[in-house]
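Here's the letter readout for the chains.
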Amino acid sequence: MTESEINARYTVVFLNSLQIDDYGRYVVSKADADRLASLHTGKPVAAVKGNLWIEVESVVNGEFIGKKLEVV
């Protein structure tokens with residue numbers, strides 16, 4: 001998927017705190033988790049930091065369930 005296709009399909013949120021922990025989980029700061037949880041745009045949400053693009057399915061205690069998006 002291209003970046004413009006992702007921008008059309010998802011609500012894109014840039015998160016400085018997005019990282020992958022030692023167990024392979026996607027984690028963000030409490031403030032970013034609250035921001036993700038409060039988004040209600042009617043479109044799926046994609047969290048982005050640099051080249052890491054994640055489709056967010058749910059957010060719980062700063063950890064979220066999602067899948068990595070391949071961006072070309």
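Preceding this paragraph is the structure being described.
Since the structure is predicted, the reported quantities are computational estimates derived from the model, not experimental observations.

Procedures and definitions
- Residues numbered from 1 in each chain as written.
- Predicted model: local features only at pLDDT ≥ 70, side-chain atom pairs only at ≥ 80, totals over all residues.
- Heavy atoms only, no water.
- Helix = DSSP H or I, 4+ residues; strand = E, 2+ residues; numbered from the N terminus.
- Rg over C-alpha atoms; globule rule 2.2 N^0.38 Å.
- Pairing = 2+ DSSP bridges.
- Phe/Tyr/Trp six-rings, centres within 6.5 Å; stacked < 30°, edge-to-face > 60°.
- Buried < 20%, exposed > 50% of the residue type's maximum accessible area, 1.4 Å probe, protein only.
- Core = buried A, V, L, I, M, F, W, Y, C linked by side-chain atoms within 4.5 Å.
- Contact = heavy atoms within 4.5 Å.
- Polar contact = N/O pair within 3.5 Å; in protein donor to acceptor, adjacent residues only side chain to side chain.

K.L.:
Tell me what's going on with the overall build of the protein chain, and back it up with residues and numbers.
P.N.:
Secondary structure assignment for the protein chain yields two helices and six strands. Secondary structure elements in the protein chain, listed N-terminal to C-terminal, are α-β-β-β-α-β-β-β. Here the C-alpha radius of gyration of the protein chain, 11 Å, is about what a compact globule of 72 residues would show, namely 11 Å. Over its C-alpha atoms, taken along the principal directions, the protein chain stretches across nearly 30 × 25 × 20 Å.

K.L.:
I'd like to hear about the sheet that holds strand S6 (residues 63-68), residue by residue, with values.
P.N.:
One open sheet holds the six strands; their spatial order is S1-S4-S5-S6-S3-S2, and the pairing between them is mixed. The open sheet is flanked by strand S1 (11-14) and strand S2 (19-20), the only strands paired with a single partner. Where strand S4 (residues 45-49) meets strand S5 (residues 52-60), five bridges bridge the pair, whose relative direction is antiparallel. Looking across to S5, one finds that Val-45 is bridged to Val-56.

K.L.:
Break down the packing of aromatic side chains for me, citing the residues and quoting the values.
P.N.:
For the coordinates displayed, the defined rule picks out one aromatic pair. Ring centres 5.9 Å apart and planes at 20° place the aromatic pair Tyr-26 and Phe-64 in the stacked group. Taken together, the residues span a long stretch of sequence, with Tyr-26 in strand S3 (residues 26-27) and Phe-64 in strand S6 at a distance of 38 residues. Exposure class is identical for Tyr-26 and Phe-64. Each is buried.

K.L.:
I'd like to hear about the nonpolar core, residue by residue, with values.
P.N.:
Judged by nonpolar contacts, the single largest core of 13 residues is most densely connected at Leu-15, Leu-18, Val-28, Leu-36 and Phe-64. Broken down by element, the residue count for this core peaks at three residues, all from S5. If we ignore the near neighbours within four places in the chain, the residues touching Val-28 are Leu-15, Ser-17, Leu-18, Ala-33, Leu-36, Gly-62 and Phe-64. Residues Ile-6, Tyr-10, Ala-46 and Leu-69 belong to the second largest nonpolar core, which totals six residues.

K.L.:
Let's hear about the pairing of S1: which residues, and what values?
P.N.:
Burial along S1 is one-sided: the face carrying Thr-11 and Val-13 is buried and the face carrying Val-12 and Phe-14 is not. Where S1 and S4 come together, four bridges link them in parallel fashion. Within the sheet, the bridge partner assigned to Val-12 lies in S4 and is Ala-46.

K.L.:
Give a detailed account of the side chain of Thr-11, specifying residues and quantitative values.
P.N.:
Relative to the elements of secondary structure, Thr-11 occurs in strand S1. A residue is classified by how much of its surface remains accessible, and Thr-11, at 16% relative accessible area, is buried. Within the structure, the side chain of Thr-11 is placed 2.6 Å from the side chain of Thr-41, a separation counted as a polar contact. Excluding residues that lie within four positions of it along the chain, Thr-11 makes contacts with Thr-41, Lys-43, Pro-44, Val-45 and Ala-46.

Distances and angles like these do not, on their own, reveal function.
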